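Architecture at a glance
Each chain, letter by letter, is given below.
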Amino acid sequence: MTGGRDKDLELDLGTISSAKRSVKAPPVCVDATLMQEAMSTEELAKLSFPLEIPPKGSICHLVDHEPSVVSSSSSTASRESAFSDQEGKHVPSTPIRLERRQSSQINLKVTNQKTSRSGRESQRWFTDPATQRVYRMVTGCVPIVEGGRILFVSASRKPEWILPKGGWEKDEQMEESAIRECFEEAGVLGVLGPRLKDFDYETRKAKKRRLEFEECQRKLKMRFSPASSQIQENEHQNETKPKSYSNLNLEEPITTAEKAPKIPKPEKLQSSDETSSVTSDSTLSHTHIRLSLYVLYVSEVKSAWPESGRSRKVVDIDEAIKMCESRPEFLAALKEVKERNLHHLPENEKYRSEKR
């Protein structure tokens, strides 16, 4: 009998645990304009690069891949690895960052998952030692297809086109996180190119709250300034004078008290045992993001992927830059891609199989 009760208890605990880890429904594009602009899987597949896994000793043979490391000695949290483009160390002579065989291994790993990762339990955080500001660490890709065009996906909440990105989790390397996010949201795989410059920014929700808070503080400051106090004193003196009740409107109150504006509380960060480069097990509220994007040369387009409810389309680099004028984090990445000419893959990087 005891064994049966134990099983029931385990089942109940498992049910409670699953309830706590509620899984969000995958995003679905319902905007008519975006759906009209979207491209089919077949159309996108025709634009993928014919990248094949080369034999050993190819021109893209690099040193063995090392995990990316967040350096706590710098406020910019530079990530040093064997392929550190920003630090100028061991940069390959071609745009391809990872050896294709290694990219293929990561692609195989991420395609085994049928649903997107969710939750913040394994999220990486970074605390700037100079400002003590906490950043949520996010990775993603700028997917490139034939003709130097950029692939976009529909956003989950707003009717807009975005680049695939998401939280970097502590059980994966940065490159793996970028490839995973691109597959989960855009359903494309390929070979990872160079890492672009990191971009720090305030979330739109946090910015809205901050501006509301600052506006309320400004109104309070004006209300209780010396000039405002003098006006209130004059009003008080007028109220103490004898009043003539001949023209008094009894339907209205004699005096009205001005209500103080309600001040929205700024978003509060919960306590954490995290230091500059240590990942946190706790869930944090956050106001700022540190975004690390890579170029991804698309070689495979899936018809089914974890967030296949999203729509996809490609545009040329100039149109992509124009589309992201309201998103500075994407705008900076796309401008860097164009300046470094990373949207054009040299012919000697393409490996065509006999079948193609």
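Residues numbered from 1 in each chain as written. Predicted model: local features only at pLDDT ≥ 70, side-chain atom pairs only at ≥ 80, totals over all residues. Heavy atoms only, no water.

Here we come to the overall build of the protein. If you tally the helices and strands in the protein, you get 9 helices and 11 strands. Restricting to contacts in the protein with at least 6 residues of sequence separation, those with at least 24 account for 77%. Looking at the protein as shown, the accessible area adds up to about 20,900 Å², and 50% of this sits on carbon and sulfur atoms. (Helix = DSSP H or I, 4+ residues; strand = E, 2+ residues; numbered from the N terminus. Contact = heavy atoms within 4.5 Å. Areas by Shrake-Rupley, 256 points an atom, 1.4 Å probe, with all protein chains shown as cover.)

Each regular strand displays side chains that alternate between the two surfaces of the sheet. In terms of burial, strand β5 (residues 149-154) is largely enclosed, as 5 of its 6 residues are buried. As consecutive antiparallel partners, strand β4 (residues 134-145) and β5 are separated by 3 residues, and within that stretch Gly147 has a phi angle of approximately 85°, a positive value. By the bridge criterion, 4 bridges tie β5 to strand β11 (residues 312-315) in an arrangement that is antiparallel. When the sheet's bridge partners are listed, Val153 is paired in β11 with Arg312. As defined by bridge partners, β5 adjoins strand β6 (residues 161-162) across 2 bridges and the pair is classed as antiparallel. Counterpart to Ser154 in the pairing with β6 is Trp161. Where β5 folds back onto β6 in an antiparallel hairpin, the turn is made up of 6 residues. (Buried < 20%, exposed > 50% of the residue type's maximum accessible area, 1.4 Å probe, protein only. Pairing = 2+ DSSP bridges.)

Positionally, Arg180 belongs in helix α5 (residues 174-186). A residue is classified by how much of its surface remains accessible, and Arg180, at 1% relative accessible area, is buried. Apart from residues lying up to four places away in sequence, Arg180 is in contact with Val110, Gln113, Arg117, Gly167, Glu169 and Glu172.

Moving on, we get to the packing of aromatic side chains. Given two aromatic rings, one states the distance between the centres and the angle between the planes to describe the pair. Applying the stated criterion across every chain yields a total of 3 aromatic pairs. With centroids separated by 6.3 Å and ring planes inclined at 35°, the aromatic side chains of Phe126 and Tyr135 adopt a geometry described as tilted. Residue class for Phe126 comes out buried when judged on its relative accessible area of 0%. Taking the relative accessible area as the measure of exposure, Tyr135 reaches 6% and is therefore buried. With a centroid separation of 6.1 Å and 40° between ring planes, the pair formed by Phe199 and Tyr201 is classed as tilted. The ring of Trp168 has Arg124 lying over it, and the distance from NZ or CZ to the ring centre is 4.1 Å. A cation over an aromatic ring shows up here: Arg312 above the ring of Trp305, its NZ or CZ 3.9 Å from the ring centre. (Phe/Tyr/Trp six-rings, centres within 6.5 Å; stacked < 30°, edge-to-face > 60°. Lys NZ or Arg CZ within 6 Å of the ring centre and 35° of its normal.)

Structurally, Lys46 is set in the loop between α3 (41-45) and β1 (69-70). Look at Lys46 and you get exposed, because its relative accessible area is 71%.

Structurally, the position occupied by Thr41 is in helix α3. For Thr41, the residues in contact, after removing those within four places along its chain, are Val301, Lys302, Ser303 and Arg312.

A word on the nonpolar core. By size, the foremost hydrophobic cluster in this structure holds 62 residues, and its most contacted members are Val142, Ile150, Phe152, Tyr297 and Leu334. The greatest single-element share of this core, amounting to 9 residues, is contributed by strand β10 (residues 288-301). Discounting chain neighbours no more than four positions away, the residues touching Phe152 are Trp161, Ile162, Leu163, Ser311, Arg312, Lys313, Val315, Ala320, Met323, Cys324 and Leu334. (Core = buried A, V, L, I, M, F, W, Y, C linked by side-chain atoms within 4.5 Å.)

Between helix α4 (residues 100-111) and α5, the shortest axis-to-axis distance is 10 Å and the interhelical angle comes to 50°. Judged on the interaxial angle alone, α5 and α4 are oblique. Classified by chirality, the crossing of α5 by α4 is right-handed. Contact with α4, carried on its side by Ile106, Asn107, Lys109, Val110 and Thr111, involves Glu176, Ile179, Arg180 and Phe183 of α5 and no other residues of that element. Residue composition of the contact of α4 with α5, by class: 4 nonpolar, 2 polar and 3 charged. (Axes fitted to C-alpha atoms, helices over the stretch in contact; angles between N-to-C directions. Parallel < 35°, antiparallel > 145°, perpendicular 65-115°, else oblique. Left-handed = near helix turned anticlockwise from the far one by under 90°. Nonpolar A, V, L, I, M, F, W, Y, C, P; charged D, E, K, R; others polar.)

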